[in-house]
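Examination of the molecular architecture
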Amino acid sequence: MPQASEVTASEPVAALSDRYGGPSAAEVVARLEEPDMAEVKAVVSWRGVVVKDNVCLVGLARSYLKLIQEESCGRCGPCRIGVDVLRELLEKLVAGETGEWGPEGTVERIRDLAENIRDSAWCGIANTIADPILALLEVGIDHFLAHAHGTTCEACSTHGWVTAPCRSTCPSTVDCPAYIFQALEEHPHLATSIVKRDNPLPAIIGRTCPHPCEANCTLAPTGHPIAINNIKRWCADLAEGLAEDRGLSGRLDKRGAPHEVTELVTAQQSWRLTGVACAGESGGPAEGSGGSSPGSVSGAAAPGSVSGVPVSAPGASEPPCGQKVAIIGAGPAGLSAAYYLARRGYKPTIFEELNVPGGMVHVGIPEYRLPRHVIRREVELIEHEGVEIRYNTRIGRDLQLSDLEKMGFEAVFVAIGAHLGRPLGIPGEDLPGTMDAIEFLRKVALGEKVDVGDKV
Ligand code: SF4
Ligand code: SF4
């Protein structure tokens, strides 16, 4: 059960409720006061609400519920029907009307209904859906009552944008709820397509991300957050032909082609997947079955597949525009830029100093944490989009920036990574025979001999 709200008022924030921890109310307020947040009028979450003083709380509650309704899976009555009734009551209140219960009775009914949804809905998400409404009632009961007595205000027409806590925490803002839903329905290709809208390296990320999304999951307070990252890895391994070594293959067989699945889900669940389609069928060959080698462009694969492995494509690529973009560095930033540029019709070429792709992903993460064939597969899929990678080419040594211009590149993206270790600041760390972790990992990853002595 939610605890009582702490309510604070400050300028320009007129109402504030912070219930569950996370960023403190003061931190959220400070963030909202920064210049780039001028357009943001309110933050609504199950942890509470922060509202600037020119926002109508009733309009905000109505707008929030409208968006939540679109996200609800609709499997339980309190969420499906309760939220609908609650929104209707708020619609009336926005218009300065009340029902048969009169002004005070209507506001009380809104509170009762919100508490009922919180206490009786089936899932952890729905249990928290009504919390912001209760928080708004606590901090703005006078505003609700004024509306119930016929007052309307200009600020009623609030436009909102809803994201789940997991998505808003993800550095790539990956649409976790959407891909988790598809994973639940055993559509790993579709799930991977959704991840690739925001991050083209799902199998790599699925093994390496510290998953702050899980710490912020609605279910985290129960001690059992959704395994958001492992789900991503499971889907990507199946979709990208990495599954056989983990015994995961064949899970899609009973569902048929992913494209048919898109239509099925769109029709039955009203799931908003417009433009998402997968190019391939289920299944795929065993690991190491070919593909491009570093330094070459993958060109022999059949459309819709790389080395026989289906390619998950988040919607159709845009037609080629012919403009060339040079990217310096084949690490995650360079690979991501190249992938999305290629899908938008540009011709990206990556210049990489090393003879392997991945940048810090390759030379900063040991192989037992991130097998090299996983990096190779995802780079191969990016090359398949039309990205060229030139290895053993250091800009500033083998080519100059001016050369890139002469070669017809119209833009340059510098993605050289952060390859220096951070000193610990302890005596002796610069003595002969000592090296920082970054240097050590890099040497091992590149096959250089590292003398670690006899006692490790
Ligand atoms: S695991 Fe990482 S990349 Fe994936 S959704 Fe969570 S924060 Fe984002
Ligand atoms: S993963 Fe957690 S935070 Fe994200 S939608 Fe599911 S329950 Fe909510």
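In short, a report on the structure. Within each chain, residue numbers correspond to sequence positions counted from 1 in written order. Just so you know, chain letters begin at A and ligand numbers begin at 1, following the order they were written in. Only residues with pLDDT of at least 70 get local features here, since the model is predicted, and only at 80 or more are side-chain atom pairs given and counted; chain-wide, interface and lining totals rely on the full set of residues. Only hydrogens and water are set aside; all other atoms, that is, all heavy atoms of the structure, feed into the side-chain values.

A separate point is the pattern of salt bridges. Just to be clear on terms, a salt bridge is a Lys or Arg side-chain nitrogen sitting within 4 Å of an Asp or Glu carboxyl oxygen. Within this structure, the stated rule accounts for 17 salt bridges. Where Arg167 meets Asp198, a salt bridge forms, and the shortest distance between an N and an O atom there is 4.0 Å. Here Asp198 lies in the loop between α9 (188-196) and α10 (202-208) and Arg167 lies in helix α7 (residues 165-169), a separation of 31 residues in the sequence. Overall, the relative accessible area of 22% leaves Arg167 in the partly exposed class. Relative accessibility under 20% of the residue-type maximum defines a buried residue, over 50% an exposed one, and the middle range a partly exposed one, all with a 1.4 Å probe and only protein chains included. Residue Asp198 is classed as partly exposed on the basis of its relative accessible area, which comes to 26%. The partner of Glu353 in a salt bridge is Arg394, and the shortest N-O contact between them spans 2.9 Å. Note that Glu353 is positioned in the loop between β8 (347-351) and α15 (360-363) and Arg394 in the loop between β9 (388-390) and α17 (401-406), a separation of 41 residues in sequence. Under the relative-accessibility criterion, Glu353 is labelled partly exposed at 32%. Relative accessible area serves as the criterion here: at 39%, Arg394 is assigned to the partly exposed category. One network of salt bridges, with partners in common, ties together Arg62, Asp84, Arg87 and Glu91. Only runs of H or I of at least four residues qualify as helices and only runs of E of at least two qualify as strands under DSSP, and these elements are numbered from the N terminus.

Right, let's get into the packing of aromatic side chains. A pair of Phe, Tyr and Trp rings is counted when the ring centres sit within 6.5 Å of each other, with Trp represented by its six-membered ring. The angle between the planes then sorts it: under 30 degrees is stacked, over 60 is edge-to-face, the rest tilted. This structure, assessed with the given rule, holds two aromatic pairs. For the pair Tyr339 and Tyr340, a centre-to-centre distance of 4.9 Å together with 85° between the ring planes defines the contact as edge-to-face. For Tyr340, a relative accessible area of 25% translates into the label partly exposed. Residues Phe351 and Phe409 carry aromatic rings whose centres are separated by 5.7 Å and whose planes lie at 80° to one another, so their mutual orientation is edge-to-face. Of this pair, Phe351 sits in strand β8 while Phe409 sits in strand β10 (residues 409-414); the two residues are 58 residues apart in sequence, bridging distant segments of the chain. As far as the burial class goes, Phe351 and Phe409 line up, both buried. Over the aromatic face of Phe409 sits the side chain of Lys324, whose NZ or CZ is 4.6 Å from the ring centroid. For a ring to carry a charge above it, either NZ of a lysine or CZ of an arginine must fall within 6 Å of the ring centroid while also lying within 35 degrees of the normal to the ring plane.

Our next topic: the site of ligand 2. It suffices for a single heavy atom of a residue to lie within 4 Å of a molecule or strand for the residue to be listed as near it. Taken together, 10 residues sit near ligand 2, with Cys166, Pro177, Cys217, Thr218 and Ile228 positioned nearest. Contributions of two or more residues to the shell around ligand 2 are made by α7 and α8 (176-184).

Bringing the site of ligand 1 into the picture now. The environment of ligand 1 is made up of Cys170, Pro171, Cys176, Ile205, Cys209, His211, Pro212, Cys213, Asn229 and Lys232. Every element with two or more residues in the shell around ligand 1 is listed here: α11 (212-215) and α12 (228-239). Considering only residue class, the shell around ligand 1 consists of seven nonpolar, two polar and one charged. Each residue gets one label: Ala, Val, Leu, Ile, Met, Phe, Trp, Tyr, Cys and Pro are nonpolar, Asp, Glu, Lys and Arg are charged, and the others, such as Gly, are polar.

Here the focus is unusual backbone geometry. With a phi angle near 45°, Thr173 is a residue other than glycine that sits in the positive phi range. Mapping Thr173 onto the fold places it in the loop between α7 and α8. For His211, which is not glycine, the phi dihedral falls at a positive 40°. By the secondary structure assignment, His211 is in the loop between α10 and α11.

What follows covers helix α6 (residues 131-148). The length a helix should cover is 1.5 Å for every residue beyond the first. In this model, α6 (18 residues) spans only 21 Å end to end at C-alpha, well below the 26 Å of a helix rising 1.5 Å per residue. One fitted axis covers the seven residues ending at a residue, a second covers the seven starting there, and the bend at that residue is the angle between these axes. Largest kink in α6: about 90°, centred on Gly140. Trailing α6 by a residue or two, Gly150 shows a phi angle of about 105°, which is positive.

With respect to the helices and strands, Ala164 occurs in the loop between α6 and α7. A relative accessible area of 23% means that Ala164 is categorised as partly exposed. Along the chain, Ala164 and Pro177 lie 13 residues apart, while their C-alpha atoms are 7.3 Å from each other.

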